[in-house]
Amino acid sequence: MAIQLELNHDGSEKIQYDFSEYPIYIRYALLSNYPNYRCFSHWHDAVEFIVILHGSMLYNINGEIIPLQKGEGIFVNSRQLHFGFSKQTECHFLCILLHPLLFCISPAMEQQFVSPMIQNEQMPYIKLLKQNIAHVEIMQKLKQIYDVRHSPTAPLKIQSAFSAIWAMLYNENEQKIICNKKISTGDITALKHMVTFIQQHYYEKISLYDIAKSGAVGQSKCCKLFRSYINQTPNAYLISYRLNQSTKLLCNTDKSISDIAFDVGFHGASYYSETFRKWFGISPTEYKYKNKAE
């Protein structure tokens, strides 16, 4: 079954945490579970860790592409635009999201050790390397977090491991934290607004003008931002998002192909089916049968 993203009103990902009282999300995942081996660009307040167990993937963070191989991983800081993808090649990985609130047990702890890290605009991500002893230890602790996720005291064990991971990241990047200089994030903020607009209005008739207006930029700047950070045109992102949303209806409803096409913003079943086949390599009907049968 294809994995879908749900969004909050501000456009951030609505994370279904594993524990009702603790903001912790832990998953073993396959990249093939995402439509076309590609997750959609998203962001959230939680910090994210990826550990590659088998295969490889590419990771886009604010427009920068980071290759990840088996034995490597990545730390994605809070509120960064990011997504993983590949060119139709499989990847097995751990995905662990931990909210910084887990650390904010006192104002002093938040001020000294949490805010300086998550608000550090020079540190949108840290690639975890298998040649780096500290990074290997971090990835081992992430695997331990996965292993203990079902134990009766899982939140305590996870918080302990997370504290150790955070301390290692903090120590390695202390100079960056001390010397943090603010840089302009206006482009990323504008892009977040435009991505959110598309994700909230994809089923309507929207134009490039509408998308650009939502980010308070001109149409040429809008196109430039999408190409620079997401490597797609605004229209291509809109179409791919509509197709992604249609997979949810294909797998979870008995609606006709024509109804689904109109529900997600296409103005004709034939164009929808043609576009779907170009994107996924199979027809909507074949996709529906394949995923409902799994």
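In case you missed it, the structure is sitting above this.
Keep in mind the model is a prediction, meaning the values are calculated, not measured. (Residues numbered from 1 in each chain as written. Predicted model: local features only at pLDDT ≥ 70, side-chain atom pairs only at ≥ 80, totals over all residues. Heavy atoms only, no water.)

*Asks:* Teacher, can you tell me more about the overall build of the chain here?
*Replies:* A count of helical and extended segments in the chain gives 11 helices and 7 strands. Considered along the principal axes of its C-alpha atoms, the chain spans approximately 55 × 45 × 35 Å. Sorting the 294 residues of the chain into buried and exposed places 48% on the buried side. Once local pairs closer than 6 in sequence are excluded, the contacts in the chain between residues at least 24 apart make up 70%. About 14400 Å² of surface is accessible on the chain, with carbon and sulfur atoms providing 53% of the total. (Helix = DSSP H or I, 4+ residues; strand = E, 2+ residues; numbered from the N terminus. Buried < 20%, exposed > 50% of the residue type's maximum accessible area, 1.4 Å probe, protein only. Contact = heavy atoms within 4.5 Å. Areas by Shrake-Rupley, 256 points an atom, 1.4 Å probe, with all protein chains shown as cover.)

*Asks:* Is there a simple way to think about helix α3 (residues 154–172) in this case?
*Replies:* Think of an α-helix as 3.6 residues a turn; residues three or four steps apart then line up on the same face. For α3, built from 19 residues, the straight-helix expectation of 27 Å at 1.5 Å per residue is met to within 8% by its first-to-last C-alpha distance of 27 Å. Along α3, the positions that sit buried rather than exposed are A154, P155, I158, A161, F162, I165, W166, M168, L169 and Y170. (Expected span 1.5 Å × (residues − 1).)

*Asks:* Hey, could you run me through the packing of helix α5 (residues 186–201) against helix α8 (residues 234–252) in this one?
*Replies:* When two helices pack together, their arrangement is given by the angle between their axes and by how far apart the axes lie. Where α5 meets α8, the axes come as close as 10 Å, and the angle between the chain directions of the two elements is 40°. Relative to α8, the crossing made by α5 is right-handed. Contacts from V195, I198 and Q199 in α5 reach P234, Y237, L238 and Y241 in α8. Class assignment for the residues of the contact of α5 with α8 results in 6 nonpolar, 1 polar and no charged. (Axes fitted to C-alpha atoms, helices over the stretch in contact; angles between N-to-C directions. Left-handed = near helix turned anticlockwise from the far one by under 90°. Nonpolar A, V, L, I, M, F, W, Y, C, P; charged D, E, K, R; others polar.)

*Asks:* In this structure, what is going on with the pairing of strand β2 (residues 47–61)? I would like to understand it.
*Replies:* Taken residue by residue, a regular strand's side chains alternate between the two faces of the sheet. Taken across its 15 residues, β2 has 11 buried, putting it largely inside the fold. Two elements, β2 and strand β6 (residues 91–98), share 8 bridges in a ladder whose sense is antiparallel. Counted as the bridge partner of G55 is C91 from β6. Across 4 bridges, the pairing between β2 and strand β4 (residues 73–76) is antiparallel. Paired with F49 across the two strands is F75, which belongs to β4. Counting the residues in the hairpin turn of β2 and strand β3 (residues 64–69) gives 2 residues, including N62, whose phi is positive at 55°. As judged from the 4 bridges shared by β2 and strand β5 (residues 82–85), these two strands associate in the antiparallel manner. (Pairing = 2+ DSSP bridges.)

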